[in-house]
Amino acid sequence: MPERIPRLRADFIEVLDEVGPLLARAYEQLGPVPEDHALAQAGLEHGREIVLDYLAHNEAGVAFEHLLYMINEPALLISAHCRAALARLAERLGYP
């Protein structure tokens, strides 16, 4: 069980390392964010910090849900490698 937490965190970091730059690039390309744009939603621009804060407070399930939100709301295209890390997280956390 003790090794579960470092492996879980490593998968979160792996996904965040891909999603973070994708989001940053999306913000750069968009310029000023219109209020009705998907990127205007709360918790996206600083999502990495939010996910890591949830993890630090032993809220891995909430962290996972926020991570999915960061990917799904702006419809980011992630790699197969990133999808595999998400699948491992889902399995370890008991998500379908």
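For the structure itself, consult the block above.
Given the structure is predicted, the values throughout are model-derived calculations rather than measurements.

**Student:** Kindly report on unusual backbone geometry, identifying the contributing residues and their values.
**Tutor:** Of note in this structure, N58 is not a glycine but carries a positive phi near 55°. Position of N58 among the secondary structure elements: in the loop between α2 (47-56) and α3 (60-72). Backbone geometry places A75, a non-glycine residue, at a positive phi of 55°. Along the polypeptide, A75 turns up in the loop between α3 and α4 (80-93). Taking the relative accessible area as the measure of exposure, A75 reaches 56% and is therefore exposed.

**Student:** Which residues make up the nonpolar core, and what values do they have?
**Tutor:** Nonpolar side chains in soluble globular proteins tend to be buried together. F12, V15, V19, V51 and L67 are the most contacted members of the largest nonpolar core, which totals 22 residues. Counting residues per element, the ones that place at least two in this core are α1 (4-30), α2, α3 and α4. Looking at this core, the element that brings in the most residues is α1, giving seven residues. If near-sequence neighbours (up to four positions away) are discounted, V51 is found in contact with F12, L16, A63, H66, L67 and M70.

**Student:** Let's hear about the side chain of D11: which residues, and what values?
**Tutor:** Inspection of the secondary structure puts D11 in helix α1. D11 has contacts with A85, R88, L89 and R92, leaving out every residue within four places of it along the chain.

**Student:** With reference to specific residues and values, describe the pattern of salt bridges.
**Tutor:** Counting across every chain of the model gives four salt bridges. The closest approach of N and O atoms between D11 and R92, which form a salt bridge, is 2.3 Å. You can see D11 sitting in helix α1 and its partner R92 sitting in helix α4, a full 81 residues away along the chain. Residue R48 is joined to D17 by a salt bridge in which the shortest nitrogen-to-oxygen separation is 3.0 Å. Remark: D17 occurs in helix α1 and R48 occurs in helix α2; sequence separation between them is 31 residues. Judged by its relative accessible area of 44%, D17 is partly exposed.

Basis of the calculations
Residues numbered from 1 in each chain as written. Predicted model: local features only at pLDDT ≥ 70, side-chain atom pairs only at ≥ 80, totals over all residues. Heavy atoms only, no water. Helix = DSSP H or I, 4+ residues; strand = E, 2+ residues; numbered from the N terminus. Buried < 20%, exposed > 50% of the residue type's maximum accessible area, 1.4 Å probe, protein only. Core = buried A, V, L, I, M, F, W, Y, C linked by side-chain atoms within 4.5 Å. Contact = heavy atoms within 4.5 Å. Salt bridge = Lys/Arg side-chain N within 4 Å of Asp/Glu carboxyl O.

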